[in-house]
Amino acid sequence: MFIPVIMAGGSGTRLWPLSRGNYPKQFIPLCGDHSMLQQTLLRLNGLDHKPALVICNDDNRFLAAEQLRQLAKPSQVMLEPVGRNTAPAIALAALEAVANYGEDTVLLVLAADHVIKNTDAFHKVIAAGEQLALQGKLVTFGIVPTHAETGYGYIRRGETVNSDQAYQVQAFVEKPDAATAQAYLESGQYYWNSGMFMFKAGRYLTELAVHRPDILAACQAAMAVKTTDLDFIRVGKAEFTACPDDSIDYAVMEKTADAVVLPLDAGWNDVGGFSALWDVASKNTEGNVLKGDVLVHQASNLYAHTEDKLVAVVGVSDLVVVNTKDAVLVAHKDKTQDVKKIVDQLKQANRSEVTFHREVYRPWGKYDSVDNGQRFQVKRITVKPGAKLSVQMHHHRAEHWIVVSGTACVTIDGKEQLVTENQSVYIPVTAVHALENPGKVPLELIEVQSGSYLGEDDIVRFEDRYGRS
């Protein structure tokens, strides 16, 4: 049985404002009821495999854990303290697999943000890939191109390997210009580089030792001091931070003599931007994809998405219109790759919208910053059944909690009380307090903060069941 290794890092900047640093696209239900991460795992149903290993960054650990819990599928989460690209991340997974199951364990490396429409075709290619991996090959899956795409890297195939299903990898090539992409398409010798791989854990580590021993040494050092924190595997931060940044393509696949490519024709899309999202979505007779409360008149080929208010679109075509609670994007469908330029501007201006939505998820639930002004802030807080916020205090703000639904167990300076619907409680500045939902239904409350400083960093935690400091 192989181990699925799900790469769930990345920020999905081309899908801003839906995708942001603390809630990137792989955790969003962009193409159905499940998130992209969940769809990646559900796509494996029917294949015989070991528990999946999901690799993500520390900031998104609770999102990943909660979405895995919802699926009730056995899995582990490994945390990268910093991003170091795919070669080191896969090395961590391979070292973990060898330690638990042995060097011959096969890894299936998948991205958490791909769409694959034909699951049966996907399963057949994975089965073929596993057999090649067991023979010592390093397998990549090349997407059979449907058009001359300039946004993907390509793989050029060589001679057939073992059967007419697989080919030697002759070359990895960078994203081409339009004329070159057309030539690739017409030749029939090129595939889109999917970023999916399959090989024995030990074989990958052997190749890494030959071609990038510095990456392997850093990853071994990081794994040597790994710890387990709740449901998370944490590797050594200092050791992994010292690791060079490199992709698996550059570090291993372009250098090994054992790389093979399996063609995959299964309705694949990496959902790299809103145009791709429009491509894979169901459309009405005018070619419009409409999500939420959207009205249109004499408009066509739109992608329109709104979260919290009515959006009306009149007399235009080929546009992307995205409304979230704190931002609006309007772009031509042919220019959606340039959304990342807006994200760059937000970063340069140090604006919070690049990282945070107005609604922020926490391991205990979520909060929505409804209103704010000089010396006050209003939040709508949802606490999951059985969940508890940290025992904490604030130096600069007082808080007033009004319970809208459910029951709150509130502790203030050691005194515990139950607060039910339509009741409220006041927490003075510097009071040590905690909030817990002892019930079976979500707790909804309104929090009014007042004081001289209302930043999220004005929290002194004394106790936290989620391991936050």
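Anyway, here's the lowdown on the structure attached to this text. The structure presented is a predicted model; accordingly, all values stated were derived computationally and were not measured. (Residues numbered from 1 in each chain as written. Predicted model: local features only at pLDDT ≥ 70, side-chain atom pairs only at ≥ 80, totals over all residues. Heavy atoms only, no water.)

**Some thoughts on the packing of aromatic side chains**
Each aromatic ring pair is summarised here by two numbers: the centre-to-centre distance and the angle between the ring planes.
Step number 1: Taken as a whole, this structure holds 10 aromatic pairs when the rule is applied.
Step number 2: Relative to Phe232, the ring of Phe62 lies with its centre 5.7 Å away and its plane at 80°, an arrangement referred to as edge-to-face. Remark: Phe232 occurs in strand S11 (residues 232-234) and Phe62 occurs in helix H2 (residues 61-71); sequence separation between them is 170 residues.
Step number 3: By relative accessible area, which is 17% here, Phe62 ends up buried.
Step number 4: Residue class for Phe232 comes out buried when judged on its relative accessible area of 3%.
Step number 5: Between Tyr152 and Trp192, the aromatic rings sit 4.9 Å apart at their centres with planes inclined by 65°, giving edge-to-face as the arrangement. Of this pair, Tyr152 sits in the loop between strand S6 (138-143) and strand S7 (154-161) while Trp192 sits in strand S9 (residues 190-200), and the two are 40 residues apart along the sequence. Each member of the pair, Tyr152 as well as Trp192, is classed as buried. (Phe/Tyr/Trp six-rings, centres within 6.5 Å; stacked < 30°, edge-to-face > 60°. Helix = DSSP H or I, 4+ residues; strand = E, 2+ residues; numbered from the N terminus. Buried < 20%, exposed > 50% of the residue type's maximum accessible area, 1.4 Å probe, protein only.)

**Comments concerning the environment of Thr306**
Step number 1: With respect to the helices and strands, the residue Thr306 is situated in strand S16 (residues 303-306).
Step number 2: When the C-alpha atoms of Thr306 and His396 are compared, they prove to be 36 Å apart, with 90 residues separating the residues in sequence.
Step number 3: Leave out the neighbours within four places in its chain, and Thr306 touches Lys291, Gly292, Asp293, Val294, Val311 and Asn323.
Step number 4: Within the structure, the side chain of Thr306 is placed 2.8 Å from the side chain of Asn323, a separation counted as a polar contact. (Contact = heavy atoms within 4.5 Å. Polar contact = N/O pair within 3.5 Å; in protein donor to acceptor, adjacent residues only side chain to side chain.)

**Some points on empty space enclosed by the protein**
Step number 1: Under the counting rule described, the total for this entry stands at 1 cavity of 30 Å³ or more.
Step number 2: Thr40, Arg43, Leu110, Ala111, His114, Ile116, Phe122 and Met196 together form the lining of the largest cavity. (1 Å grid on protein atoms, 1.4 Å probe; cavity = no way out; pocket = protein on both sides within 12 Å on 5 of 7 lines; lining within 4 Å. Points joined across faces, edges and corners; volume = space filled by probe spheres on them.)

**A look at the layout of surface pockets**
Step number 1: The space that makes up the second largest pocket amounts to roughly 150 Å³.
Step number 2: Going through the elements one at a time, strand S21 (365-373) and strand S22 (376-383) are the ones with two or more residues in the lining of the second largest pocket.
Step number 3: With 4 residues, the top contributor of residues to the lining of the second largest pocket is S21.
Step number 4: Each residue belonging to the lining of the second largest pocket can be placed in one class, and the counts come to 3 nonpolar, 5 polar and 2 charged. (Nonpolar A, V, L, I, M, F, W, Y, C, P; charged D, E, K, R; others polar.)

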